[in-house]
Amino acid sequence: MKALRNYLDKIKPNFEEGGKLHWLYSTYDAFETFLFVPNTTSKRGVHIHDARDSKRTMIIVIVALIPALLVGMYNVGLQHYMAIGQEVSLLNKFLFGLIAMLPLIVVSYVVGLGIEFAMAQVKKEEVAEGFLVSGMLIPMIVPIDTPLWMVAVATAFSVIFAKEVFGGTGYNIFNVALIVRAFLFFSYPSKMSGDQVWVRTADTFGMGKGSVIDGYSGATPLGQIATTEAGSFSEFTFHGITGDPLSISDMFFGFIPGSVGEVSTFAILLGALILIATGVGSWKTMLSVFVGGAVGVLLVNTFAQNAIMEMPLYYHFLLGGFAFGAVFMATDPVTSARTERGKWIYGFLIGLMAITIRVFNPGYPEGMMLAILLMNAFAPLIDFYVIDANIRRRLKRAAAVSQQA
Amino acid sequence: MGLSTKTKAALLGPLNKNNPVIVQVLGICSALAVTSKLEPSLVMAVAVTLVLAAANVIISLLRKTIPNRIRIIVQLVVVATLVTIVSEVLKAFAYDVNKQLSVFVGLIVTNCILMGRLEAFALGNGPWPSFLDGIGNGLGYGWILVAVGFFRELLGSGELLGYKVIPQFMYDAGYQNNGLMMLAPMALILVAVIIWVHRSRNKELQEETN
């Protein structure tokens, strides 16, 4: 620790005004404040400090993501070894998932943080910590087989056009990680949907070599029901990649094909508990997304015409990115509604839209991404009218009081 | 032939500091709609330049005789006539491109740039400056279209004017064409990028930040 501090102090003059590396000051500053709590204090006026500064908030979200990440990694290995029909230990499955996942995480962070650092340098500002969470979310919401260069291009696009042009961390209208996914989805649809991308069937750095078993099918449960020919839900069964039917517990604990982050509803709920307990994520948003989804499902169930319209509520919540989106994406404090009443409306409409897109548009088996992005655009409008209604109500009350007096 | 400062400004201004698309933000609709390939972008650019130059000259010649109250109708009639001629020529000699451009040839009539130039310039200037203004604005509109069309076709289909330019080994190595480039939102983003570069090079065009 001491040696590190001494080293930082020693190289500091190079980065200050007049030093030969002054143009890299933002980078230096970022690393210094990352390693040590800054000891500068404000000199004038009253400042209230909250322990929840943005660095800490980001760290808590990362911690909340860890259960979903670990289960997702294990599931990558599990699905892989099921696909090639080999029995290996639990640790091996996890290791396979880890080394399959690591390149995605590294690419996402290197590209995103690289752009953030460069932008901060150009604008001579401090490096904001907003990308810490986005960088972790990105690899968790794309298929495991997404080519790395695509992730790099999409991350660069998203950080520049969804975030930096709006003014950087805290000013973006749309969720940065979801823009990455949307960019990939519309740019390279063959790598982002279908039944070839959700399970890694090839080996990873030589690990897990083998050939795919007969009868393998890599479609996600939502993909299966979106393309099914079964006339009603009772004739339809979800099946895993080996063709065996999937149980509810498989879906709950996350042993189904899908993106790394979203498969395990159980791990996501753990994350939700962490977010709610620490006050980082809004329980109102999360709850209202589920309420909106429930209303949507009950409506389509009533007027059901085909298998996906008949699909019961709990499947909708367990499958696809619904829970992940509700807990980690919809609650993004920057892009969600900020008024408390607004959060209810915002979340409710996300849930409703997600179900609508899922059920009525077979081109998009998963509606969560588009639903959240759409409501991101409407969040400021919702806030505006919530505040406006509040002002009117209070004016009315004030008028009534003054009339009495 | 030496041009006076004023005629020079009429001809060259729209190419840069007074560009109809990236400074005045006019004519965006067709810039989004026809630029998914380079060829229709080029044809559209030429068509608009010709129609605009001719309409400017005609309106400029008529400007003393057009009653003020019906000037918009007269302008529309002139533009519609010219657009119909262009449309027929395209149908006769470049049928495929005409099909790609679909309604957007006809919609040149409603292109904001045309009405804008007729109102703002041709009604108050002689035929020769009006002609130069028409050519200038048409080219100013055109080069944006061509630039956007170039990048959309290159990145979206890996071709330019229909010829493969991205070599096969790139595809073999895992490269894929970007499907988003073929959708209209990407045209908007490319226009925005051009505006971004243009504004950062021309400080006087930047709006004041508060």
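As annotated in an unreviewed UniProt entry, chain B is Na(+)-translocating NADH-quinone reductase subunit D from Proteiniphilum acetatigenes. According to its UniProt record, chain B has this under Sequence similarities (unreviewed entry): "Belongs to the NqrDE/RnfAE family." The UniProt entry for chain B carries this comment under Catalytic activity (unreviewed entry): "a ubiquinone + n Na(+)(in) + NADH + H(+) = a ubiquinol + n Na(+)(out) + NAD(+)".

Trainee: Summarise the overall build of chain B; cite the residues concerned and give the values.
Mentor: For chain B, the count of helices and strands is ten helices and two strands. Helices (α) and strands (β) of chain B occur, in sequence order from the N terminus, as α-α-α-α-α-α-α-α-β-β-α-α. What you see for chain B is a C-alpha radius of gyration of 19 Å, in line with the 17 Å of a compact globule of 210 residues. Across its three principal axes, chain B shows a C-alpha extent of roughly 65 × 50 × 40 Å. Here the contacts in chain B between residues at least 6 apart in sequence split such that 75% fall between residues at least 24 apart. Of the roughly 10800 Å² of accessible surface on chain B, a fraction of 68% belongs to carbon and sulfur atoms.

Trainee: Describe the environment of Asp 250 of chain A, and please don't skip the residues or the numbers.
Mentor: All names here are of chain A. With respect to the helices and strands, the residue Asp 250 is situated in helix α10 (residues 248–253). Looking at Asp 250, the relative accessible area reads 22%, which means it is partly exposed. Put simply, Asp 250 and Leu 24 are 226 residues apart on the chain and 50 Å apart in space, counted from C-alpha to C-alpha.

Trainee: For the interface of chain B and chain A, give the residues involved together with the corresponding values.
Mentor: The partner chain A presents twelve residues to the twelve residues of chain B that form the contact. In total, chain B and chain A occlude about 930 Å² of area from one another, counting both sides; carbon and sulfur atoms represent 69% of this. When the area that chain B buries against chain A is broken down by residue, the three leading residues are Gln 176, Leu 180 and Trp 196 of chain B, summing to 49%. Linking chain B to chain A there are zero salt bridges. Summed over the shared surface of chain B and chain A, the result is four residue pairs in polar contact (both at pLDDT 80 or more). In terms of residue class, the side of chain B that touches chain A is made up of seven nonpolar, five polar and no charged.

Cut-offs and rules
- Residues numbered from 1 in each chain as written.
- Chains lettered and ligands numbered in written order.
- Predicted model: local features only at pLDDT ≥ 70, side-chain atom pairs only at ≥ 80, totals over all residues.
- Heavy atoms only, no water.
- UniProt positions renumbered as here; feature names shortened; annotations may be inferred.
- Helix = DSSP H or I, 4+ residues; strand = E, 2+ residues; numbered from the N terminus.
- Rg over C-alpha atoms; globule rule 2.2 N^0.38 Å.
- Contact = heavy atoms within 4.5 Å.
- Areas by Shrake-Rupley, 256 points an atom, 1.4 Å probe, with all protein chains shown as cover.
- Buried < 20%, exposed > 50% of the residue type's maximum accessible area, 1.4 Å probe, protein only.
- Buried area = accessible area lost by both parts, 1.4 Å probe.
- Salt bridge = Lys/Arg side-chain N within 4 Å of Asp/Glu carboxyl O.
- Polar contact = N/O pair within 3.5 Å; in protein donor to acceptor, adjacent residues only side chain to side chain.
- Nonpolar A, V, L, I, M, F, W, Y, C, P; charged D, E, K, R; others polar.

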